[in-house]
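# Coordinate analysis (summary)
Chain by chain, the residues run as shown.
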Amino acid sequence: MTNDRQARAARAEQMRKDREKAERKQRNLISVAIVAVVVLLIGVGGWAIKDAADDNAEQIEVIKPRNTTENGIDYPAGEAENSSAPVVEVFADFLCPSCGLFEQISGSFLSEQATAGNIQLRFMPFSFLHDESTNDYSRRAMNLGICAVDEQGPEAFWKVHDALFANQPAEGGPGPEDAALIKMAEDVGVSGLGNCVRTEKFVPWIDQTKAKFDADEDIPGTPAVHINGKASQARQPQDLAAAIAAA
């Protein structure tokens, strides 16, 4: 009996050790699995953060926007059958108060003339008032417009153009931030510009275009008006009408 009890005790002890060994192995497997999951989550999180950072990184490459003509954006009616109509180019900065006043006084006249086929109207992006706001509004506003023409064409640009001048901030302070600019475009039916706006995709191109205009003595400031490539001093509708008729 003594030997039987000893044998049973030995078997029980071995079974206990086997259970403990199995439990340790299971715990180790669980620990390894947890570590693997944590590492995977950290990797995915890091990738997502990097991907988001890449998506929002400011653009440094000069990318020429689509749907532009000789560095400008044609009014949608610019493709009218009367291709011999005078080309009226307006050089402007969306922060420029004089440009805003010009738009109030003569903007409708020029767009009506373009719609009627009497002129080919072209907006020339001349962003130079970088130091006249506390958040680089001049560049960012222009970039919004260029994002619109690149992604959705001239009609979208002119909708954004009108909204930017209608909501023009004063010089010397902050202009609308990116989120407000994106909403401004959405409010006039132009959506999907978020990434382009946040990365300032076309700012390098805008700066390059400004440098070209800076070298032109016929563009001393904004607004500047060229009719068939020649500088014009006309700013009021009646003066513009006379200059167009003489072109």
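If you're wondering where the values come from, they're calculated on a predicted model, not measured in any experiment.

## Some points on the pattern of salt bridges
Using the criterion set out here, one finds 9 salt bridges in the structure. The salt bridge partner of R122 is D74, with a shortest N-O separation of 2.5 Å. With a gap of 48 residues between them, R122 in strand β3 (residues 120-125) and D74 in strand β1 (residues 73-74) connect regions that are remote in the sequence. With its nearest N and O atoms 2.9 Å apart, the salt bridge here joins R139 to D207. Of this pair, R139 sits in helix α3 (residues 137-152) while D207 sits in helix α7 (residues 203-214), and the two are 68 residues apart along the sequence. According to the relative accessible area criterion, R139 is buried, its value standing at 19%. Look at the salt bridges and you will find they share partners, linking E70, D74, E89 and R122 into a network.

## Focus: the nonpolar core
Here is a general trend for soluble globular proteins: nonpolar side chains tend to be buried in one another's company. Counting 49 residues, the largest nonpolar core has V88, L110, L121 and L164 as the members making the most contacts within it. Counting 6 residues, the second largest nonpolar core, distinct from the first, contains F91, M124, F213 and I219.

## Examining the side chain of D178
Within the secondary structure, D178 sits in helix α5 (residues 178-187). In this structure D178 comes out as buried when scored by relative accessible area, which is 19%. Among the polar contacts listed, one links the side chain of D178 to the side chain of R140, at a separation of 2.8 Å. Excluding its chain neighbours within four sequence positions, the residues that come into contact with D178 are R140, V197 and R198.

## Topic: the environment of A141
Tracing the backbone shows A141 in helix α3. A141 sits in the buried class, given a relative accessible area of 0%. A sequence separation of 59 residues divides A141 from E200, and the C-alpha atoms of the two residues are 9.8 Å apart. Those residues in contact with A141 that lie beyond four places of it in its chain are F94, L164 and L181.

## Notes on the sheet that holds strand β4 (residues 224-227)
Pairing in this open sheet of 5 strands is mixed, and the strands run β1-β3-β2-β4-β5 from one edge to the other. Of all the strands in the sheet, just β1 and β5 (230-232) have a single pairing partner and so form its edges. Sheet analysis places β1 next to β3, joined by 2 bridges and oriented antiparallel. The residue of β3 that forms the bridge with I73 is F123.

## Structural notes on the packing of aromatic side chains
Within this structure, the stated rule accounts for 9 aromatic pairs. With 5.1 Å between their ring centres and 75° between their planes, Y75 and W158 make a pair best called edge-to-face. Of this pair, Y75 sits in the loop between β1 and β2 (87-92) while W158 sits in helix α4 (residues 154-166), and the two are 83 residues apart along the sequence. Taking 5.3 Å as the distance between ring centres and 45° as the angle between the ring planes, the aromatic pair formed by F126 and F128 counts as tilted. Exposure remark for F126: the relative accessible area of 3% places this residue in the buried category. Overall, F128 belongs to the partly exposed group, its relative accessible area being 30%. Taken together, Y75, F94, F123, F157, W158 and F165 form an aromatic cluster joined through their ring pairs.

## Observations concerning unusual backbone geometry
With an omega of -5°, the peptide bond running from T222 to P223 counts as cis. Relative to the assigned elements, P223 resides in the loop between α7 and β4. Positive phi outside glycine occurs at N67, with the angle close to 65°. The phi torsion at N228 lies on the positive side, around 50°, for a residue other than glycine. Relative to the helices and strands, N228 resides in the loop between β4 and β5.

## A closer look at the state of the cysteines
Under the criterion given, the structure shown has 1 disulfide. Covalent S-S linkage joins C147 and C196, the inter-sulfur distance amounting to 2.0 Å. An S-S torsion of about -85° defines the bridge between C147 and C196 as left-handed. In this pair, C147 is assigned in helix α3 and C196 in helix α6 (residues 194-198), connecting sequence segments 49 residues apart. Each member of the pair, C147 together with C196, is buried.

About the cut-offs
Numbering of residues starts from 1 in each chain and follows the order in which that chain's sequence is written. In view of the model being predicted, local features appear only for residues whose pLDDT reaches at least 70, and side-chain atom pairs are presented and counted only at 80 or more, with totals across whole chains, interfaces and linings using the full set of residues. Derived side-chain values reflect all non-hydrogen atoms in the structure, with water molecules and hydrogen atoms excluded from consideration. For salt bridges, the criterion is a side-chain nitrogen of Lys or Arg within 4 Å of an Asp or Glu carboxyl oxygen. Helix and strand assignments come from DSSP, with helices taken as H or I runs of at least 4 residues and strands as E runs of at least 2, each series counted from the N terminus. Each residue is placed in one exposure class: buried if its accessible area under a 1.4 Å probe, protein chains only, is under 20% of its type's maximum, exposed if it is over 50%, and partly exposed if it falls in between. Nonpolar cores were defined as sets of buried Ala, Val, Leu, Ile, Met, Phe, Trp, Tyr and Cys residues, with membership established by side-chain atoms within 4.5 Å. In protein, a polar contact means a hydrogen-donor-capable atom and an acceptor-capable atom, both N or O and within 3.5 Å, with residues adjacent in sequence counting only if both atoms are side-chain atoms; elsewhere, any N or O pair within 3.5 Å suffices. Contact criterion: two residues are considered in contact whenever any of their non-hydrogen atoms come within 4.5 Å of each other. Criterion used throughout: strands pair if DSSP finds at least two bridges between them. Aromatic rings from Phe, Tyr and Trp, with only the six-membered ring used for Trp, were paired whenever their centres fell within 6.5 Å, and each pair was classed as stacked if the ring planes differed by under 30 degrees, edge-to-face if by over 60, and tilted otherwise. Put simply, a disulfide is two cysteine sulfurs that come within 2.5 Å.

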